[in-house]
Amino acid sequence: MGLFSRSTATATAPTATVDPALAALTGTYTIDPAHSGIGFTARHAMVTNVRGASTEYEGTLELDGSDPAASGASIDVTIASIDTGSTDRDGHLRSADFFDAEQFPLMTFRSTSAEALGGTDYRITGDLTIKGVTKPITIDLEFNGAAKDPFGNERVGFEGKAELLRSEWGLTWNAALETGGVLVSDKIKLTFEISAIKNAQ
């Protein structure tokens, strides 16, 4: 079942038939934070990984089953909600050394294009804004399916991953190690676990 397709003239041309199950997914979906997760991983001191998550965010998915290339996503993440399990580290991340949460309270993503890779795999590209800097980022997605939960909500689910260099968004703070290298890696890995509920028509 395909939700996203290549944004080309061929992909957007009318087709004779539309998969009814796919067409039924068309609509606006609100991300359910209670059953979703946005996480990140950074290399620490060159020897281990530190993992964290953003615990406050909101977003929507616009799915068009009849014309999948018209689908898109929008997410706003509250920077002050970053949680790595260490109060001191979280405070440092929220400070001007890193995200400067007081001046730039949100990190945002706005999709610009999407494509199908085959099977349940997709790739979505969009503009990621951090600390007032906007640059493109590509997220690889797996569509986990659609279902109606016991409360009557129509849900869709996705898993996603992406990598970025934080320095490209102006997050350049670091500290040198006596043994060589730096305290915090430039490369950051992002993970997404998304469950979204279809809005009432």
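Everything here concerns the structure above.
Student: How should I be thinking about the overall build of the protein chain in this particular structure?
Tutor: A tally of helices and strands in the protein chain yields three helices and eleven strands. Listing each helix as α and each strand as β along the protein chain from the N terminus yields α-α-β-β-β-β-β-β-α-β-β-β-β-β. Expressed as lengths along the three principal axes of its C-alpha atoms, the size of the protein chain is roughly 65 × 40 × 30 Å. Out of the 201 residues belonging to the protein chain, those deemed buried represent 37%. Intrachain contacts of the protein chain at a sequence separation of at least 6 include 58% that bridge at least 24 residues. When the accessible surface of the protein chain is split by element, carbon and sulfur atoms take 53% of a total near 10800 Å².

Student: Would you mind going over a positive patch on the surface with me for this structure?
Tutor: The grouping of Arg-43, Arg-51, Lys-187 and Lys-189 at the surface amounts to a positive patch. Of note, Lys-187 is situated in strand β11 (residues 184-198).

Definitions and limits used
- Residues numbered from 1 in each chain as written.
- Predicted model: local features only at pLDDT ≥ 70, side-chain atom pairs only at ≥ 80, totals over all residues.
- Heavy atoms only, no water.
- Helix = DSSP H or I, 4+ residues; strand = E, 2+ residues; numbered from the N terminus.
- Buried < 20%, exposed > 50% of the residue type's maximum accessible area, 1.4 Å probe, protein only.
- Contact = heavy atoms within 4.5 Å.
- Areas by Shrake-Rupley, 256 points an atom, 1.4 Å probe, with all protein chains shown as cover.
- Patch = residues over 30% accessible without salt bridge, like charges linked within 9 Å, V, L, I, M, F, W, Y side chains within 5 Å.
- Salt bridge = Lys/Arg side-chain N within 4 Å of Asp/Glu carboxyl O.
- Lys, Arg positive; Asp, Glu negative; His and termini not counted.
- Charge placed at Lys NZ, Arg CZ, Asp CG, Glu CD.

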